[in-house]
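Commentary on secondary and tertiary structure
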Amino acid sequence: MPSKAAPPPAKAKRPTVKPAAAVKPKVKPAKVATPLAKVKRVSKPAAQAQPPAKRPSAAGRDLEGHRAPAFVLPDQDGAPVALESLTARGPVVLYFYPKDMTPGCTVEACDFRDHLAPIRALGATVVGVSADKVEAHRKFIARHSLNFPLLSDTENKVTRAYGVYTKKSLYGREFMGIVRTTVIIGKDGMVKKVFPKVKVNGHTTEVVGALKELR
């Protein structure tokens, strides 16, 4: 009998290889912007304001307890008058006023005129100061029979030194001018009392009272 042919070799099974799972990159979720209305803003502390350099206030109040600024000014006759020569005789009532011949300044000057005796009895001298010229002072004194000198500070050097030349306003208009102020200076040259923004009615009574306290 003829021999049977050998069966063909069986095909080897290839191993099934599963495709690798796709690796998804890790993506961080995007930050959602917070509405501005919900954001709490932390304000930084404001820088502390630096205190201004010490100088006389608008009405000269800071001068109390300090040496009075020295000066030499011409009086109504053009003669020079020094503060030192005034304090050598006793206390000085140095009153600053805006302008000759004006209503308030006239009332104030006449009030000092009428109450000069009790002021002098306390050893004090009264002197007025404004930016008017010497000639204007002379006319002012003659018209109202003033019995004390008026000094002319046309460049406002002394009024600035005493802190009484400052910004003023009238009917909405701003301008530089003298604030009505009275300064009492002792015989030692120190400022004893300042009356800022003087109200003319009854002011001489305040001055006499302050002079009595200095005795």
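Right above here is the structure, for reference.
Described in the following lines is the structure provided in the data block. (Residues numbered from 1 in each chain as written. Predicted model: local features only at pLDDT ≥ 70, side-chain atom pairs only at ≥ 80, totals over all residues. Heavy atoms only, no water.)

Focus: the overall build of the protein
Just so we agree on the cut-off: Note on conventions: DSSP H or I runs of at least 4 residues are helices, E runs of at least 2 residues are strands, and numbering of each starts at the N terminus. When a residue's accessible area, from a 1.4 Å probe over protein chains only, is under 20% of the maximum for its type it is buried; when over 50% it is exposed; and in between it is partly exposed. Whether two residues are in contact is decided by their heavy atoms: any pair within 4.5 Å suffices. Surface accessibility in these figures is a Shrake-Rupley result with a 1.4 Å probe; residues are shielded only by whichever protein chains are displayed.
On a plain count of helices and strands, the protein comes out with 6 helices and 9 strands. Burial statistics for the protein: of 215 residues in total, 38% are counted as buried. When contacts within the protein are restricted to residue pairs at least 6 apart in sequence, those whose partners lie at least 24 apart make up 62%. Of the roughly 15100 Å² that the protein leaves accessible, carbon and sulfur atoms contribute 57%.

Topic: the packing of aromatic side chains
Note the threshold: Here a pair means two rings of Phe, Tyr or Trp (six-membered ring of Trp) with centres within 6.5 Å. Their orientation is stacked below 30 degrees between planes, edge-to-face above 60, and tilted elsewhere.
A complete count under the given rule lists 7 aromatic pairs for this structure. Note on Tyr95 and Phe148: the rings are 5.9 Å apart at their centroids and 70° apart in plane angle, and the pair reads as edge-to-face. A residue pair is termed long-range when its members are at least 10 positions apart, and Tyr95 in strand β3 (residues 92-96) and Phe148 in the loop between α4 (134-144) and β5 (150-152) qualify at 53 residues. The exposure classification of Tyr95 matches that of Phe148, with both residues buried. Ring pairs connect the aromatic residues Tyr95, Tyr97, Phe112, Phe140 and Phe148, which therefore count as one cluster.

Structural notes on the pattern of salt bridges
Rules: Salt bridges are identified by distance alone: a Lys or Arg side-chain nitrogen within 4 Å of an Asp or Glu carboxyl oxygen.
Under the definition given, this model contains 6 salt bridges. Here Lys99 and Asp132 are joined by a salt bridge, their closest N and O atoms 3.3 Å apart. Of this pair, Lys99 sits in the loop between β3 and α2 (103-114) while Asp132 is found in the loop between β4 (125-130) and α4, placing the two residues 33 residues apart along the sequence. Judged by relative accessible area, Asp132 falls into the buried class, the value being 8%.

As for the packing of α2 against helix α6 (residues 203-214)
The condition that has to hold: Note on definitions: angles span 0 to 180 degrees between N-to-C directions of axes, and those axes are lines fitted to C-alpha atoms, for helices only across the stretch in contact. An angle below 35 degrees is read as roughly parallel, one above 145 as roughly antiparallel, one from 65 to 115 as roughly perpendicular, and any other as oblique. The hand of a helix crossing depends on one turn: near helix anticlockwise from the far one by less than a right angle means left-handed, and clockwise means right-handed.
Relative to each other, α2 and α6 sit at 45°, their axes nearing to 9 Å. One way to sum up the angle between α2 and α6 is to call them oblique. In the crossing of α2 with α6, the sense of the turn from one axis to the other is right-handed. Along the contact surface, α2 presents Glu108, Asp111 and Phe112, while α6 presents His203, Thr204 and Val207.

Digging into α6
Threshold: To estimate the expected span of a helix, subtract one from its residue number and multiply by 1.5 Å.
Taking 1.5 Å per residue as the helical rise, α6 with its 12 residues ought to reach 16 Å, and the 17 Å between its terminal C-alpha atoms agrees with that figure. Tucked inside the fold, the buried residues of α6 contact β3, α2, α3 (116-121), β8 (181-185) and β9 (191-195).

Some details on the environment of Asp62
Structurally, Asp62 is set in the segment before β1 (72-74). Each C-alpha atom, one on Asp62 and one on Val194, is 8.7 Å from the other, the two residues being 132 residues apart in sequence.

A word on the sheet that holds β3
Condition: Two strands are counted as paired when DSSP detects at least two bridges linking them.
Strand order in the open sheet formed by 5 strands is β5-β4-β3-β8-β9, with mixed pairing between adjacent strands. Strand pairing shows two members of the sheet lacking a second neighbour, β5 and β9, which therefore form its edges. Strand-to-strand twist in this sheet, taken as the mean axis angle between neighbours without regard to direction, amounts to 20°. Taken together, the 4 bridges between β8 and β9 define a ladder with antiparallel strand orientation. Bridging from a neighbouring strand, Ile184 pairs with Lys193 of β9. Running over the sheet, α4 touches β4 and β5 and is turned about 165° from β5.

Looking at the environment of Ser152
Inclusion rule: Each polar contact in these results corresponds to two N or O atoms within 3.5 Å; when the atoms are within protein, one needs to be able to donate a hydrogen and the other to accept it, and residues that are neighboring in sequence are counted only if both atoms are side-chain atoms.
With respect to the element layout, Ser152 can be found in strand β5. Distance from Ser152 to Gln76, taken between C-alpha atoms, is 7.3 Å for residues 76 residues apart in sequence. With residues up to four places along the chain from it excluded, the contact list for Ser152 reads Leu73, Pro74, Ser130, Asp132, Lys133, Val134 and His137. In this structure the side chain of Ser152 is engaged in a polar contact, spanning 2.6 Å, whose partner is the backbone oxygen of Asp132.

Focus: unusual backbone geometry
You will see that Ser145, though not glycine, has its phi angle at about 50°, which is positive. With respect to the helices and strands, the residue Ser145 is situated in the loop between α4 and β5. A residue is classified by how much of its surface remains accessible, and Ser145, at 52% relative accessible area, is exposed. For Lys197, which is not glycine, the phi torsion reads 50° and is therefore positive. Inspection of the secondary structure puts Lys197 in the loop between β9 and α6.

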